[in-house]
Amino acid sequence: MGNSLKKLGEAELEIMQAIWESRKPVTSNYILKELQGKRKWQLSTLMTSLARLVDKGFVVCDRSMGVNLYTALIGENDYKTRAGKYFLEKLYHNSIQNMVAALYRNEMIGKDDIAQLRDYLDELEKDEEKALETTGEAAGQ
């Protein structure tokens with residue numbers, strides 16, 4: 001993916017999620033089955049989207065077994081991290097505070113969400129303090 005974020009359309013993201021969730025190479029029929037209820041696609045439509053994902057460098061197609069097997073080249077967490085960073089930069093000028101404030105003002109998140117976020121941040125802070133203490137103890141030995 002390099003430094004530039006290659007974007008996934010909504011349908012491409014659904015395809016990638018099916019591939020990521022499988023954790024192993026999958027066939028187009030497997031993906032089509034996974035998309036049932038989300039998309040009413042013909043196999044030809046899916047194949048076009050898979051070819052696009054191959055061109056974008058998100059998946060590789062292995063034809064050596066007599067059947068096309070698709071494997072993700074970009075991990076789910078890597079994509080989410082880069083997409084999230086891009087989203088935060090473009091929409092909220094790289095400010096998590098601006099994002100949370102906008103979501104709260106527009107009632108997209110509530111007090112329970114804020115409490116969960118506060119607990120998560122407190123936990124991160126505790127973990128960081130423990131790591132610093134451990135590093136300090138190691139340096140003092």
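Rules used throughout
Residues numbered from 1 in each chain as written. Predicted model: local features only at pLDDT ≥ 70, side-chain atom pairs only at ≥ 80, totals over all residues. Heavy atoms only, no water. Helix = DSSP H or I, 4+ residues; strand = E, 2+ residues; numbered from the N terminus. Buried < 20%, exposed > 50% of the residue type's maximum accessible area, 1.4 Å probe, protein only. Contact = heavy atoms within 4.5 Å. Areas by Shrake-Rupley, 256 points an atom, 1.4 Å probe, with all protein chains shown as cover. Lys, Arg positive; Asp, Glu negative; His and termini not counted. Charge placed at Lys NZ, Arg CZ, Asp CG, Glu CD. Patch = residues over 30% accessible without salt bridge, like charges linked within 9 Å, V, L, I, M, F, W, Y side chains within 5 Å. Salt bridge = Lys/Arg side-chain N within 4 Å of Asp/Glu carboxyl O. Pairing = 2+ DSSP bridges.

### Observations regarding the overall build of the protein chain
Here comes step 1: Per the secondary structure count, the protein chain includes 6 helices and 2 strands.
Here comes step 2: Shown N-terminal to C-terminal, the secondary structure of the protein chain runs as helices and strands in the order α-α-α-β-β-α-α-α.
Here comes step 3: Across its three principal axes, the protein chain shows a C-alpha extent of roughly 60 × 50 × 25 Å.
Here comes step 4: Counting over 141 residues, the protein chain shows a buried share of 22%.
Here comes step 5: Look at the contacts in the protein chain between residues 6 or more apart in sequence, and 48% of them connect residues 24 or more apart.
Here comes step 6: Carbon and sulfur atoms form 50% of the exposed surface of the protein chain, whose accessible area is close to 10400 Å².
Here comes step 7: Of the side-chain charges in the protein chain, 20 are positive and 22 negative, and the distance between the mean point of each set is 10 Å.

### Re a negative patch on the surface
Here comes step 1: Residues D119, D122, E123, E125, D127, E128, E129 and E133 make up a contiguous surface patch of negative charge.
Here comes step 2: Looking at the secondary structure, you find E125 in helix α6 (residues 111–140).

### A few points about the pairing of strand β2 (residues 69–72)
Working note: regular strand, side chains alternate between the two faces of the sheet.
Here comes step 1: Inspection of the sheet shows strand β1 (residues 59–62) paired to β2 by 4 bridges, in the antiparallel sense. From the neighbouring strand, C61 faces β2, where its bridge partner is Y70.
Here comes step 2: Here β1 hands over to β2 after 6 residues, with G66 in that stretch at a positive phi of 85°.

### Some details on unusual backbone geometry
Here comes step 1: Although it is not a glycine, R23 sits at a positive phi angle of roughly 60°.
Here comes step 2: For N94, which is not a glycine, the phi torsion comes out positive at approximately 65°.

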